[in-house]
Each structure stands twice: as C-alpha cells, then as structure tokens.
Amino acid sequence: MTRWYRERKKDYYYREAKKAGYRARSSFKLIQIQKRYHVLRRDGIFIDLGASPGGWSQVAAKYGKVIAVDIASMAPIENVVFIKGDITSDEIIERIKEHVVMADAVISDASPNISGNYTMDQARSVWLCENALRIAKEFLKPGGNFVCKIFEGEDYPEFFSKVKENFRMVKPHAPQASRKQSSEKYIIAKGFVKRF
Ligand SMILES: C[S@@+](CC[C@H](N)C(=O)[O-])C[C@H]1O[C@@H](n2cnc3c(N)ncnc32)[C@H](O)[C@@H]1O
C-alpha cells in the first residue's frame, strides 16, 4: 500500500470521527471489534483502561455504564465515571472497587509513550497488558470479555498463552482502523473462566 493511500485512509477515519462526534479515530477500532466479536453486551458494565481522550468510552457508553481509567485527564462523558490513575499501581483495584463490583468486559487500549526503542516500547506494552489482565481477573464476571492492545514482539506469545488460561476463546485481531504500518494488535478474549 502506498504512503499516499495510507495517509488518505488515516484522513478518512479522522474525518469520520469528527463527523460522528468521536474524540479519537480509535473509536472505529472498537466499533470494528464490536461488530465482529460482540464484546460489549447491552446494559453491561465496562472498565476502559488507558481511556483518554475517551473515544472508546464514548462507544462503550452507548451499550452501558463505563468506568474509565487513565493517567492523563479526560473530559466528562455521560454514563462514564473517570478515574485518574495508573493501571500498574497497587491501589488501582481499590479505586475501581469504589465504583464497580463486577464487570461484563474489561477493554484496554493503553499504550506506553513511544521512546523509539522498539524492544523497550514492546516490553512496556506487555507490562500494561499484564496489568490490564490483572484488573480483568479481579473484576470480570464469569463469561466476561477482555480486549487488550499489545505491540507484537518477543513477549507477545507468552502473554497470549497466559490470556488463554482464563478465557474460552482468544484471538489476535488487527483492526482496519489501525494504521497499516503499525505493529499493534488487539487480543480478543471471550468467556472468562476464573482459575486460582
Ligand atoms: C492510544 S491512547 C488511548 C485512546 C483511547 N482508547 C481513545 O479511544 O480515546 C493510550 C492511553 O494509554 C494511557 N496510559 C499509558 N500508560 C498508562 C498507565 N500506566 N495507566 C493508565 N493509562 C495509561 C495514555 O495516557 C493514553 O491516554
């Protein structure tokens, strides 16, 4: 695919996001995931990790109640409770518990600040995923769903296997709305099974 075509496509999602009132083009990634995998159920409770500026929360809030977490601030959205916090911190579980006991889905689009050193960025991405999985295991109802953005690389297969231990169906997904040159993937995991 030529750079020209890629840029046009980027502009396409950017324009569509603006038109639809979404804060980020990333909203379309969740819309595409939802269309294909039905991870958000009607009237559900969802925990959105790495939520700012709120594109995913806007989509999820159309289905139910959202608890959104990010280290960066986020402007209010109806039906969304925002927690400013670090998903890798010890206290985040207690802070989320102030708002929700159990969730139907935990969705994470959290990404590290890109340093340009791919090995380091990939390791940080997996660290965010490990923490997203920790939060998912704490809050998901039996049968609940988990979506997690991850940069492909050395630690990816091990993390993928770890997710498989707790879910009936686990698949990698590359949304069309991701930039084609991107190495990001989403792990889609359905049917949470609690194991100790
Ligand atoms: C790609 S953006 C998310 C976009 C969002 N899903 C949307 O649709 O608007 C990645 C987010 O991850 C957040 N993030 C990175 N590390 C984090 C951490 N340790 N705890 C919470 N959020 C984190 C960043 O602040 C950033 O807002």
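Keep in mind that this is a model prediction, so the values were computed, not measured.

A.B. asks: Outline the pairing of strand E5 (residues 140-151), listing residues and values.
C.D. replies: Within E5, nine of the 12 residues are buried, leaving the element largely enclosed by the surrounding structure. When strand E4 (residues 103-108) meets E5, the two strands line up parallel, connected through five bridges. Residue pairing across strands places Ala-105 opposite Asn-145, the latter belonging to E5. Handedness of the crossover joining E4 and E5 through helix H5 (residues 118-139) is recorded here as right-handed.

A.B. asks: So what's going on with the packing of H5 against helix H6 (residues 156-164)? Residues and values would help.
C.D. replies: Across the interface, H5 lies against H6 with an axial gap of 11 Å and an inter-helix angle of 10°. In terms of orientation, H5 and H6 fall into the roughly parallel class. Of the residues in H6, those in contact with Gln-122, Val-126, Cys-129, Glu-130 and Leu-133 of H5 are Tyr-156, Phe-159, Lys-162 and Val-163. Taken together, the residues that form the contact of H5 with H6 break down as six nonpolar, one polar and two charged.

A.B. asks: Give me the lowdown on the pattern of salt bridges, citing residues and values where you can.
C.D. replies: Within this structure, the stated rule accounts for 10 salt bridges. Lys-97 serves as the salt-bridge partner of Glu-94, at 3.9 Å between the closest nitrogen and oxygen. Taken together, the positions of Glu-94 and Lys-97, both in helix H4 (residues 92-97) and three residues apart, correspond to about one turn of that helix. In this structure Lys-97 comes out as partly exposed when scored by relative accessible area, which is 39%. The shortest N-O distance in the salt bridge between Asp-109 and Lys-149 comes to 3.0 Å. Within this pair, whereas Asp-109 is found in the loop between E4 and H5, its partner Lys-149 is found in strand E5, the two being separated by 40 residues in sequence. Each member of the pair Asp-109 and Lys-149 is classed as buried.

A.B. asks: I'd like a description of the nonpolar core, backed by residues and values.
C.D. replies: Counting 34 residues, the largest nonpolar core has Ile-47, Ile-96, Phe-146, Phe-159, Val-163 and Phe-167 as the members making the most contacts within it. With eight residues, H5 is the largest single contributor of residues to this core. Not counting residues within four places of it along the chain, the set of residues in contact with Phe-146 comprises Val-106, Cys-129, Ala-132, Leu-133, Ala-136, Leu-140, Val-163, Phe-167, Ile-187, Ile-188 and Ala-189. Among the nonpolar cores identified, the runner-up in size contains 25 residues, and Val-39, Val-59, Ala-68 and Met-74 belong to it.

Conventions and cut-offs
One numbering rule holds for all chains: residues counted from 1, following each sequence as written. Restriction of local features to residues with pLDDT of at least 70 applies here, the model being predicted, together with a cutoff of 80 or more for giving and counting side-chain atom pairs; totals for whole chains, interfaces and linings are based on all residues. Side-chain calculation: all heavy atoms of the structure are included, whereas hydrogens and water are not. Burial classes follow relative accessibility: with a 1.4 Å probe on protein chains only, a residue under 20% of its type's maximum area counts as buried, one over 50% as exposed, and anything between as partly exposed. What counts as a helix is a DSSP run of H or I of at least four residues, what counts as a strand is a run of E of at least two, and both are numbered from the N terminus. Here, strands pair whenever DSSP counts at least two bridges between them. Look down the strands so they point away from you; if the path from the first strand over the helix to the second goes clockwise, the crossover is right-handed. Helix axes are fitted only over the stretch in contact, all axes being lines through C-alpha atoms; the angle between N-to-C directions runs from 0 to 180 degrees. Roughly parallel covers angles under 35 degrees, roughly antiparallel covers those over 145, roughly perpendicular covers 65 to 115, and oblique covers all other angles. Contacts are residue-level and defined by heavy atoms, with any inter-residue pair within 4.5 Å sufficient. The nonpolar class holds Ala, Val, Leu, Ile, Met, Phe, Trp, Tyr, Cys and Pro. Asp, Glu, Lys and Arg form the charged class, and all remaining residues, Gly among them, are polar. Any Lys or Arg side-chain nitrogen found within 4 Å of a carboxyl oxygen on Asp or Glu counts as a salt bridge. Among the buried residues, those of types Ala, Val, Leu, Ile, Met, Phe, Trp, Tyr and Cys that are joined through side-chain atoms within 4.5 Å form a nonpolar core.

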